[in-house]
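# Observations on the model geometry
Take a look at the letters that make up each chain.
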Amino acid sequence: MTGSDRRGDGQKVLVAGAGVAGLEAALALRDLAGDRVDIALHDPSREFSYRPFGIGEPYGTTRAFRYDLRSLSELCGASLHASAISAVEPEQRIAVTRDGERHPYDHLIVATGARMLWAVPGAATYWGVADEGQVGDLIADLRLGRLRRLALTMPPGHSWVLPLYELALLAANVLDKTANDRTRITVVTPEAAPLEIFGPRAAEQTSALLAERQVDVIAGARPISFASGRLRIDPGDEVEADAVIALPRLEGRRIGGIPHDEDGFIAVDEHGGAVGMERIYAAGDVSSLFFKQGAFASQQADTVAEAIAAAAGAEVEPRAAGPRMRAVLWTAQGPRYFSGRNGEDEERGSSPSQRHLELLHNGRLTARYLSPLVDSLLAGNGSHSAERSATEAPQRV
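Residues numbered from 1 in each chain as written. Predicted model: local features only at pLDDT ≥ 70, side-chain atom pairs only at ≥ 80, totals over all residues. Heavy atoms only, no water.

### Brief notes about the overall build of the protein
When helices and strands are counted, the protein shows eight helices and 25 strands. Going through the 397 residues of the protein one by one, you find that 53% of them count as buried. Nonlocal contacts in the protein, meaning residues at least 24 apart in sequence, comprise 68% of its contacts between residues at least 6 apart. When the accessible area of the protein is evaluated, it comes to approximately 17200 Å², of which 45% is carbon and sulfur surface. (Helix = DSSP H or I, 4+ residues; strand = E, 2+ residues; numbered from the N terminus. Buried < 20%, exposed > 50% of the residue type's maximum accessible area, 1.4 Å probe, protein only. Contact = heavy atoms within 4.5 Å. Areas by Shrake-Rupley, 256 points an atom, 1.4 Å probe, with all protein chains shown as cover.)

### Looking at the nonpolar core
Counting 44 residues, the largest nonpolar core has Leu-23, Leu-29, Leu-72 and Ile-109 as the members making the most contacts within it. Those elements giving two or more residues to this core turn out to be strand S1 (11–16), helix H1 (20–33), strand S2 (37–42), strand S4 (65–68), helix H2 (69–75), strand S5 (78–81), helix H6 (294–311) and helix H8 (370–378). When residues in this core are grouped by element, the largest group, eight residues, is from H1. For Leu-29, the residues in contact, after removing those within four places along its chain, are Val-13, Gly-34, Val-37, Ile-39, Ile-109, Ala-305, Ile-308 and Ala-309. One finds Leu-138, Leu-164, Val-174 and Ile-245 within the second-largest nonpolar core, a separate group that totals 42 residues. (Core = buried A, V, L, I, M, F, W, Y, C linked by side-chain atoms within 4.5 Å.)

### Notes on the sheet that holds strand S11 (residues 124–125)
Reading across from one edge, S11-S18-S12-S13-S14 is the order of the five strands in this open sheet, with parallel pairing throughout. One side of each edge strand has no neighbouring strand; the edge strands of this open sheet are S11 and strand S14 (215–219). Relative to strand S18 (residues 243–246), S11 is paired through two bridges, and the arrangement is parallel. Across the sheet, the residue bridging to Ala-124 is Ile-245, located in S18. (Pairing = 2+ DSSP bridges.)

### Quick look at the pattern of salt bridges
Scanning the model with the defined rule gives 13 salt bridges in all. One salt bridge connects Glu-89 with Arg-102, and the closest N-O pair in it is separated by 2.8 Å. With Glu-89 in strand S6 (residues 85–89) and Arg-102 in strand S8 (residues 102–104), the pair connects residues that are 13 residues apart, well separated along the chain. The class of Glu-89 is partly exposed, set by a relative accessible area of 25%. Residue Arg-102 is classed as partly exposed on the basis of its relative accessible area, which comes to 48%. A salt bridge links Arg-184 to Asp-216, with the nearest nitrogen and oxygen atoms 2.9 Å apart. On the criterion of sequence distance, the pair formed by Arg-184 in strand S13 (residues 184–189) and Asp-216 in strand S14 is long-range, its members being 32 residues apart. On the basis of relative accessibility, which here comes to 32%, the residue Asp-216 falls in the partly exposed class. Connected through shared salt-bridge partners, Arg-149, Arg-230, Glu-238, Glu-240 and Asp-242 make up one network. (Salt bridge = Lys/Arg side-chain N within 4 Å of Asp/Glu carboxyl O.)

Right under this line is the structure:
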């Protein structure tokens with residue numbers, strides 16, 4: 001059902017942000033609630049960037065696909081307003097945009113994502129987008145044998161986790177392909193063990209994989225700065241390095257009138273509702289849940305959509321969001337699947353293929369509603385044209 005098919009008399013649902021979580025929530029709501037809801041997306045962006053294999057972009061193995069956001073909004077059955085929501089008046093249920101426009105709502109979904117901030121002075125920062133040059137230049141130097149010591153690190157607190165180890169494993173693969181046995185790769189992580197967020201077994205497996213690829217790991221240390229060939233860390237001795245690649249620090253995008261923690265993240269309950277607020281929800285990186293990842297953001301969005309659909313009168317039994325986290329670690333030699341519950345291993349007797357079956361597609365985790373839509377556009381089978389910047393399908397790293 002497209003925007004033109006809606007009657008416009010349903011409960012008004014405003015979605016602040018049109019990234020993975022925002023689009024997934026809109027699609028889920030349209031499917032679950034039909035014309036019981038009138039969905040409006042608020043985002044100043046013109047494009048949606050689809051990057052299922054984005055970690056490989058600095059290595060030249062993948063490309064991003066970009067789609068016209070207005071076209072995607074129509075496919076989601078939602079209208080698009082090209083202005084961000086900057087504040088809410090919760091008692092009146094009014095959302096105010098940066099342009100000063102006032103929009104009433106019955107339900108508000110905050111899916112604004114997180115700001116990425118420079119975290120380690122002197123280091124090259126991997127921003128998670130098509131490389132602007134610095135990280136790509138370092139990978140080129142690595143391929144040409146110009147680096148003898150490469151360190152990869154991330155700040156403590158809210159940050160990505162998977163890309164740190166993926167970047168290291170992909171770098172190790174570059175050394176293998178160039179028969180370079182002189183360069184050393186070191187990972188410096190504030191985690192007590194690599195990927196401990198998925199539980200002890202995942203940490204053990206990841207540690208073994210890194211050791212097998214001859215990647216050194218310094219765990220339980222936070223990076224401070226990089227200068228004169230030395231990475232300062234705390235605690236521990238300085239790490240000698242010719243170059244350092246760091247992940248950014250994340251900070252939630254704040255909306256006035258909605259409580260948040262000191263880093264801008266919104267605390268949520270089991271249904272994605274903003275704690276202490278009525279009819280306001282948060283999904284994706286802006287929520288206070290520590291794990292930040294696209295597939296997890298889409299799971300949160302589906303949980304929120306179920307809660308709103310039920311409130312709008314749809315025959316939906318809203319499910320509480322469980323603490324389970326699913327993800328794929330790209331190793332350059334096949335994917336590794338992880339699933340855990342807040343630092344605890346998944347239940348025994350559940351094989352990776354069974355655990356990930358419903359969310360696994362073409363070797364990656366997907367959003368339940370958004371991925372099939374975008375995949376149909378990638379294959380040229382979509383019912384609505386969308387712009388894209390690449391002419392080849394994504395490849396597994």
